[in-house]
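Breakdown of the fold
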Number of protein chains: 2
Amino acid sequence: MQPRRQHLIDTAYKLFNEHGYHATGIDWILAESGVSKATLYKHFRSKEELILAVLQQRHAYFMTLLEEAVAKAQKNGQQPVLVIFDVLDAWFESEGFFGCNFIKASAEYAAAGDAIHEFAAQHKLDTQQLIRRSLGESADDTMAAELALLFDGAIVVAHTRGDHGAAKLAKKMAEQLLAAH
Amino acid sequence: MQPRRQHLIDTAYKLFNEHGYHATGIDWILAESGVSKATLYKHFRSKEELILAVLQQRHAYFMTLLEEAVAKAQKNGQQPVLVIFDVLDAWFESEGFFGCNFIKASAEYAAAGDAIHEFAAQHKLDTQQLIRRSLGESADDTMAAELALLFDGAIVVAHTRGDHGAAKLAKKMAEQLLAAH
DNA sequence: TTAGTAGTGAACAGATCTGTTCACTTGTTA
DNA sequence: TAACAAGTGAACAGATCTGTTCACTACTAA
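These lines cover the structure that appears in this document, whether it is placed above or below. Each chain carries its own residue numbering, running from 1 in the direction its sequence is written. Note on labels: chains are lettered from A, ligands numbered from 1, in written order. The predicted origin of the model limits local features to residues at a pLDDT of at least 70 and limits the giving and counting of side-chain atom pairs to 80 or more, whereas totals for whole chains, interfaces and linings rest on all residues.

Of the regular secondary structure elements, chain A holds 9 helices and 0 strands. We count a stretch as a helix when DSSP gives it H or I for four or more residues in a row; a strand needs E for two or more, and each element gets its number in order from the N terminus. The secondary structure elements of chain A, listed N-terminal to C-terminal, are α-α-α-α-α-α-α-α-α. Expressed along its principal axes, the backbone C-alpha trace of chain A runs to roughly 55 × 35 × 35 Å. Counts of 20 or more other C-beta atoms within 10 Å of a residue's own C-beta define buried residues, counts of 12 or fewer define exposed ones, and intermediate counts define partly exposed ones; C-beta atoms are placed from the backbone. Across the 181 residues in chain A, those meeting the buried criterion constitute 38%. Here, residues touch in the contact sense if the C-beta positions derived from the backbone fall within 7 Å of one another. Across chain A, the fraction of contacts at a sequence separation of at least 24, relative to all contacts at a separation of at least 6, is 56%.

Attention now moves to the protein's contact with DNA strand C. Around DNA strand C lies a shell of 17 residues, among which R4(A), A38(A), G25(B), I26(B) and S46(B) are the nearest. For the surface near DNA strand C, the elements supplying multiple residues, two or more each, are α1 (3-19) and α3 (37-43) of chain A together with α2 (26-33) and α3 (37-43) of chain B. Ranked by the residues each element gives to the surface near DNA strand C, the list is headed by α3(A), at 4 residues. Charged means Asp, Glu, Lys or Arg here, nonpolar means Ala, Val, Leu, Ile, Met, Phe, Trp, Tyr, Cys or Pro, and polar covers whatever is left, Gly included. Within the surface near DNA strand C, the residues separate by chemical class into 6 nonpolar, 5 polar and 6 charged. Residue proximity rests on one test: whether the C-beta atom, placed from the backbone, lies within 6 Å of the molecule or strand.

Those residues of helix α5 (residues 83-93) of chain B that fall on the buried side of the exposure criterion are V83(B), I84(B), F85(B), L88(B), D89(B) and F92(B). Contacts from the buried residues of α5(B) go to α4 (47-76), α7 (115-134), α8 (141-160) and α9 (166-180) of chain B.

Moving on, we get to the environment of F85(B). Residue and element names in this part refer to chain B. Within the element layout of this structure, F85 appears in helix α5. The class for F85 is buried, based on 24 C-beta atoms found within 10 Å. For the pair formed by F85 and K171, sequence separation is 86 residues and the distance between their alpha carbons is 5.7 Å.

The local shell around DNA strand D holds 18 residues, among which G25(A), I26(A), S46(A), R4(B) and A38(B) are the closest. Those elements giving two or more residues to the surface near DNA strand D turn out to be α2 (26-33) and α3 of chain A together with α3 of chain B. If you tally residues by element for the surface near DNA strand D, the top one is α3(B), at 4 residues. Class assignment of the residues belonging to the surface near DNA strand D gives a composition of 6 nonpolar, 6 polar and 6 charged.

This part takes up the relation of the copies chain A and chain B. Overlaid copies result from least-squares superposition on C-alpha atoms, with residues included only where pLDDT is at least 70 in both. Once chain A has been moved 0.0 Å along the axis and rotated by 180°, it coincides with chain B to within an RMSD of 0.0 Å. The superposition operator between the copies reduces to a two-fold rotation axis. Using C-alpha coordinates, one finds that chain A approaches the rotation axis most closely at G153(A), a distance of 1.8 Å. An overlap of 100% is found between the interface residues of chain A and their copies at the interface of chain B, pointing to a shared contact surface.

A general trend in soluble globular proteins is that nonpolar side chains are found buried together. Connectivity within a nonpolar core runs through C-beta atoms within 7 Å, and the core itself is a set of buried Ala, Val, Leu, Ile, Met, Phe, Trp, Tyr and Cys residues. Formed by 93 residues in total, the largest nonpolar core has its most connected members in A154(A), A170(A), A154(B) and A170(B). The contacts of A170(A), once residues within four sequence positions are left out, are F85(A), L150(A), G153(A), A154(A) and L149(B).

Now for the interface of chain A and chain B. Every contact between the two is made by 36 residues of chain A and, on the other side, 36 residues of chain B. Those elements that provide at least two residues to the side of chain A that touches chain B are α1, α6 (101-108), α7 (115-134), α8 (141-161) and α9 (166-180) of chain A. Sort the elements by how many residues they give to the side of chain A that touches chain B and α8(A) lands first, with 12 residues. Grouping the amino acids of the side of chain A that touches chain B by side-chain chemistry returns 21 nonpolar, 8 polar and 7 charged.

A few words on the packing of α7(A) against α8(A). Residue and element names in this part refer to chain A. One can describe the packing of α7 onto α8 by two numbers: an axis separation of 9 Å at closest approach and a directional angle of 125°. Relative to α8, α7 is oriented oblique. Considering the relative orientation of α7 and α8, their crossing is right-handed. Facing α7, whose interface residues are T127, Q128, I131 and R132, α8 presents D141, A144, A145, L147, A148 and F151. Grouping the constituent residues of the contact of α7 with α8 by class yields 6 nonpolar, 2 polar and 2 charged. Fitted lines through C-alpha atoms serve as axes, helices being fitted only where they are in contact, and the angles separating the N-to-C directions of these axes extend from 0 to 180 degrees. Geometric relationships in this document are graded by angle, where less than 35 degrees denotes roughly parallel, more than 145 denotes roughly antiparallel, 65 to 115 denotes roughly perpendicular, and other angles denote oblique. Handedness of each helix crossing follows the sense of rotation of the near helix against the far helix: counterclockwise by less than a right angle gives left-handed, clockwise gives right-handed.

Before going further, it helps to examine the packing of α1(A) against helix α4 (residues 47-76) of chain A. All names here are of chain A. The geometry of α1 relative to α4 is characterised by a closest axis approach of 9 Å and an angle of 90° between their N-to-C directions. Classed by the angle they form, the pair α1 and α4 counts as roughly perpendicular. Residues I9, A12, Y13 and F16 of α1 touch α4, and the partners they reach there are L50, I51, A53, V54, Q57 and R58. Here the residues of the contact of α1 with α4 sort into 8 nonpolar, 1 polar and 1 charged.

Most of helix α6 (residues 101-108) of chain B is tucked away, with 8 of its 8 residues classed as buried. When we look at burial in α6(B), the residues that qualify are N101(B), F102(B), I103(B), K104(B), A105(B), S106(B), A107(B) and E108(B). On the buried face of α6(B), the contacting elements are α6 and α8 of chain A together with α1 (3-19), α4, α7 and α8 of chain B.

Okay, the environment of L55(A) next. Residue and element names in this part refer to chain A. On the secondary structure map, L55 appears in helix α4. Separated by 58 residues in sequence, L55 and G113 have C-alpha atoms that sit 17 Å apart. If we ignore the near neighbours within four places in the chain, the residues touching L55 are N101, F102, A105 and F119.

Right, dumping it as structure tokens:
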């Protein structure tokens, strides 16, 4: 059991999420969490490693959230892929919404080959594959790519413009595209 | 005539675009441009002011680019709003594509009320209004919002995943949505 | 009791950050 | 020639950044 390690990840996530990765210094995370600097560097070799640990956990959390929603919809006989936009909607309405951590990470660490950038790209690929699976028997790579594009578009519109209706709009668009297919 | 001022803006744009705003230090911009620090601070009161000047110019440039493409399409009798995605496509294929400067700016300066964040949000609103105007007689706020969402979605997909086909995909989706309308 | 583990607090290193100041140079214009 | 505007180069201030080190404390398990 390592409560300090998890506490650091939680605090770092909160600050990274709200203020970005470069703008959040190590000292800030330490002050906010009440953990000593020596302890942080015992658990993480560098700031980059801490960022990757935060992204790792967010990735696992987000995937579970989506998978559970899809599974629930399948049990209830709803169109599974559309509930993904309901998950987005709930996220946008929540207090801790400051945009997507992965989009932001790939923006701040833009160098090709950068570990953080690569991880963010992989997260987006995994999300698209989850969408593809949730399409069920009508699985279609192009349709999955279209829905993933709506997914990211909604996040960006919600964040940069503070437009909370973006998820509902994207869902409506998804319905039209599925119907036209 | 102030060649130094413009040279600073051009250099700063290039570095901000490729490496982000926080990751690009003043000294780096000076070394790359060959301008002295005293001169930079004679033209700009602070780094923030330099960032805003860069965004200002990018905004004007991008708007002109879109408006000219729309005007050309109108003259040729094409659907004006769809050429916007052709502009995106050309941008994605160009060498200097590292994502949208405004999305990145609003991510790095996320504090509500921040001048940089506000400017980025306004840029996105202006883009949506341009889309609305280019819809012509079938002008429709909801349709404009939908196309703007496709617009931002394509940019993010192209950048985070390096997927150059995103503009073409978004265009195809736009066509379907316009047809269904 | 003893050994090992986890954590603290504080000082420190060395780099980098934004921004200021000033003596000096260069080019233009009256 | 004299005045002025724009720019240079270099030093400097003060803050902040990541990361290291070390003596010390608290707790737990053999």
